[in-house]
Amino acid sequence: MVSRSDDRVLMGCRVFYLVGQLSLGGLERQLFNLLQVIDRSRYKPAVVVWRHSHGDHYNQAISDLGIPVVALPSNLSGSAKLQKLRDMVSVVRPEVLHSYSSFTNFAAWWAARGTGIVPIGSSRSSFWYERQKYGRVLGRLSGRWPSAQVYNSFSSEQEARQSWTIFRPRRIYVITNGVDLDLYSAQPNPEQGYILAVGRLSAKKRWDRLIRVVAFLASKGLSQEVVHAGSGPLQDELEAMARSLHVDHLIRFLGDRHDLPTLLGGAAFLVHTSEIEGCPNVVLEAMACGRAVVATDAGDIPYLVEDGKTGFVVPQKDEGMLADRIEALLRDHELCRRMGNAGRKKAEQAFGFDRLRAETFAVYRAEGWRDSANF
């Protein structure tokens, strides 16, 4: 059963958010964004973490909002955690159990089964990528249950609807990510800004493309500093690649950073080279700061970036076009400024938190949730 201390902390909570972890990642940031703007006194949210780590970035940030963060014991097996979660849900009886990571979708469905609690799942990246990432069994189960799932990209929704598999949700809602328009405020373009790249140093982000383009442009006499924020398993390999192409003096790997608005303020524009995406936060944040974006056509990037207006969208395998588009912005400061201003306008129209909050709770109501509070 749920411990007495957890029992006291969670009693009265109406909406549970179940998440795999609370590290410095995109889905965790979106959960924090949502929790900032919902009516916490009315909905009394709580966060349950499947794989807790005391060093995870958003543990403290969410707690500081006055929201309980409860971790499932790390010494339990997967099946024991499932039972622990179900016991917790049976005692506290939240009205909605929203899995905010696809990894925990099946656990949320199983914990809510037969209780009358509304279970909601999530997909935060490519439909097929998440199926493969979580394995043959869990990938299928979490792709199918809960029956209602929120996708953060239209591209992933299309993948699911066009697939022949039965292991997909019956009802799919699309809610694209939101951005804090006050934190990521419009900033004037610097006269001599660097190229900014932000993201995990992993295979799917394809930072090798950017390093090759930097080397190509340098061979043409166009040497420009690139600043990268983020960490990951390929850092040593990418640093070695930069050295082998003799551009290590042009590329700075900063590691994980918490001052992204400041980094964007010093950037001329953002470059994003991923091959697998959902709705990438950094693209929204760059646009909100008034920065042009050069990005590959992964995930929802073609929906977010208006090619030729707020930036450039490049086919993934066309590194020649990627180099051309980067060169165009490096040589035309006015074009950078104009695209950045257009990006800020789009962010104000489409990426705000009010939309994120309203669309999320519209899904809960569409799935049968009735707001029982008398306000």
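Rules behind the numbers
Residues numbered from 1 in each chain as written. Predicted model: local features only at pLDDT ≥ 70, side-chain atom pairs only at ≥ 80, totals over all residues. Heavy atoms only, no water. Pairing = 2+ DSSP bridges. Helix = DSSP H or I, 4+ residues; strand = E, 2+ residues; numbered from the N terminus. Axes fitted to C-alpha atoms, helices over the stretch in contact; angles between N-to-C directions. Contact = heavy atoms within 4.5 Å. Phe/Tyr/Trp six-rings, centres within 6.5 Å; stacked < 30°, edge-to-face > 60°. Lys NZ or Arg CZ within 6 Å of the ring centre and 35° of its normal. 1 Å grid on protein atoms, 1.4 Å probe; cavity = no way out; pocket = protein on both sides within 12 Å on 5 of 7 lines; lining within 4 Å. Points joined across faces, edges and corners; volume = space filled by probe spheres on them. Nonpolar A, V, L, I, M, F, W, Y, C, P; charged D, E, K, R; others polar. Core = buried A, V, L, I, M, F, W, Y, C linked by side-chain atoms within 4.5 Å. Buried < 20%, exposed > 50% of the residue type's maximum accessible area, 1.4 Å probe, protein only. Salt bridge = Lys/Arg side-chain N within 4 Å of Asp/Glu carboxyl O. Polar contact = N/O pair within 3.5 Å; in protein donor to acceptor, adjacent residues only side chain to side chain. Right-handed = clockwise from strand over helix to strand, strands pointing away. Disulfide = S-S within 2.5 Å.

**Student:** In this structure, what is going on with the sheet that holds strand S2 (residues 45-49)? I would like to understand it.
**Tutor:** Hydrogen bonds along the backbone pair up the strands of a sheet, which may run parallel or antiparallel. Strand order across the open sheet formed by seven strands is S3-S2-S1-S4-S5-S6-S7, with parallel pairing between neighbours. The two strands at the open ends of the sheet, each matched to only one other strand, are strand S3 (69-71) and strand S7 (171-174). Going across the sheet, the axis of each strand differs from the next one's by a mean of 25 degrees, ignoring polarity. The pairing of strand S1 (residues 15-19) with strand S4 (residues 96-99) spans four bridges and is parallel. Each bridged residue has a counterpart across the sheet, and for Leu18 the counterpart in S4 is Ser99. Most of the contacts of helix H2 (residues 26-37) go to S1, to which it runs at about 165 degrees, and overall it touches S1 and S2.

**Student:** Mind showing me how you'd approach the packing of aromatic side chains here?
**Tutor:** The geometry of two aromatic rings is summed up by the distance between their centres and the angle between their planes. Enumeration according to the criterion identifies 13 aromatic pairs in this entry. Ring plane angle 45 degrees and centroid distance 5.5 Å describe the contact between Phe154 and Tyr303, whose orientation is recorded as tilted. Separated by 149 residues along the polypeptide, Phe154 in helix H9 (residues 154-162) and Tyr303 in helix H14 (residues 301-304) bring together distant segments of the chain. Ring-pair connections join several aromatic residues into one group, and the members of that group are Tyr43, Phe361, Tyr364 and Trp369. If you follow Arg113 out to its NZ or CZ, it ends over the ring of Trp109, 5.8 Å from the centre. Above the ring of Phe312, the side-chain terminus of Arg325 is found at 5.2 Å from the ring centroid.

**Student:** Sorry if this is basic, but what is going on with the layout of surface pockets here?
**Tutor:** Rolled over the atoms, a probe sized like a water molecule indicates the empty space that remains. Estimated volume of the second largest pocket: approximately 210 Å³. In terms of lining, the second largest pocket is formed by 13 residues, of which the most central are Glu191, Ala268, Leu329, Leu330 and His333. Residues of the lining of the second largest pocket, tallied by class, amount to six nonpolar, five polar and two charged.

**Student:** Hey, could you run me through the nonpolar core in this one?
**Tutor:** In summary, soluble globular proteins display a tendency toward joint burial of nonpolar side chains. Ranked by size, the top nonpolar core spans 33 residues in total, and within it Leu210, Val247, Ile251, Phe269, Val294, Ile326 and Leu329 carry the most contacts. The biggest single contributor to this core is helix H10 (residues 207-219), with seven residues. The contact partners of Leu210, leaving out residues within four places of it in the chain, are Ala197, Val226, Val271, Thr273 and Ile326.

**Student:** Looking at this model, I keep getting lost on the environment of Phe253. Mind explaining?
**Tutor:** Within the secondary structure, Phe253 is located in strand S10 (residues 251-253). Along the sequence, Phe253 and Cys279 sit 26 residues apart, while their C-alpha atoms lie 24 Å from each other. Here Phe253 is in contact with Leu201, His228, Gln235, Leu238 and Glu239, once residues within four sequence places are set aside.

**Student:** What's the story with the pattern of salt bridges in this structure? I'm lost.
**Tutor:** In a structure, side chains of opposite charge can pair up when their charged atoms sit close to one another. With the rule as written, the count across this model stands at 21 salt bridges. Between Glu334 and Arg337 there is a salt bridge, with its nearest N and O atoms 2.4 Å apart. In this pair, Glu334 and Arg337 are both assigned in helix H16 (residues 333-350), three residues apart and thus about one turn of the helix distant. A relative accessible area of 33% means that Arg337 is categorised as partly exposed.

**Student:** Sorry if this is basic, but what is going on with empty space enclosed by the protein here?
**Tutor:** Overall, the coordinates contain four cavities of 30 Å³ or more when judged by the stated rule. For the largest cavity, the calculated volume is near 80 Å³. Along the wall of the largest cavity there are 14 residues; nearest its centre are Ser102, Glu130, Gly139, Ser142 and Gly143. When residues of the lining of the largest cavity are traced back to their parent elements, those giving at least two are strand S5 (118-123), helix H7 (127-133), helix H8 (136-144) and strand S6 (148-151). Considering every element that reaches the lining of the largest cavity, the biggest residue donor is H8, with four residues. When its residues are assigned to classes, the lining of the largest cavity shows four nonpolar, eight polar and two charged.

**Student:** Please explain unusual backbone geometry as it appears in this structure.
**Tutor:** Apart from glycine, the bulk of residues carry a negative phi angle, and the bulk of peptide bonds sit in the trans form. Residue Pro146 follows Trp145 across a cis peptide bond; omega there is 0 degrees. Along the polypeptide, Pro146 turns up in the loop between H8 and S6. Positive phi values are uncommon outside glycine, yet His246 reaches one of about 65 degrees. In this structure, His246 sits in the loop between helix H11 (235-244) and S10. Residue class for His246 comes out exposed when judged on its relative accessible area of 63%.

**Student:** Help me out: how do you make sense of the side chain of Asn177 in this one?
**Tutor:** Within the secondary structure, Asn177 sits in the loop between S7 and strand S8 (194-198). Only 3.4 Å separates the side chain of Asn177 from the side chain of Asn152, close enough to count as a polar contact. Excluding residues within four positions of it along the chain, Asn177 makes contact with Gln30, Arg124, Asn152, Cys279, Asn281, Leu284, Phe351 and Arg355.

**Student:** Whenever I open this one, the pairing of strand S11 (residues 267-272) confuses me. Can you help?
**Tutor:** Side-chain direction in a regular strand flips from residue to residue, so the side chains alternate between the two faces of the sheet. Counting buried residues in S11 gives six out of six residues, a clear majority hidden from the surface. As paired strands, S8 and S11 are joined by three bridges and run parallel to one another. The residue bridging Ile195 from the neighbouring strand is Phe269, located in S11. Looking at chain direction, S11 and strand S12 (residues 292-296) are connected through four bridges and run parallel. Pairing of Val271 across the sheet is with Val294, part of S12. What joins S11 to S12 is helix H13 (residues 281-288), and the crossover it makes is right-handed.

**Student:** Sorry, what's going on with the state of the cysteines here?
**Tutor:** Each disulfide is one covalent bond, formed between the sulfur atoms of two cysteines. Under the defined criterion, the tally for this structure stands at zero disulfides. Counting only cysteine sulfurs, Cys289 is the nearest neighbor of Cys279, a cysteine outside any disulfide, at a range of 16 Å. You can call Cys279 buried: its relative accessible area is 4%. Unpaired in this structure, Cys336 has its nearest cysteine sulfur neighbour in Cys289, at a distance of 14 Å.

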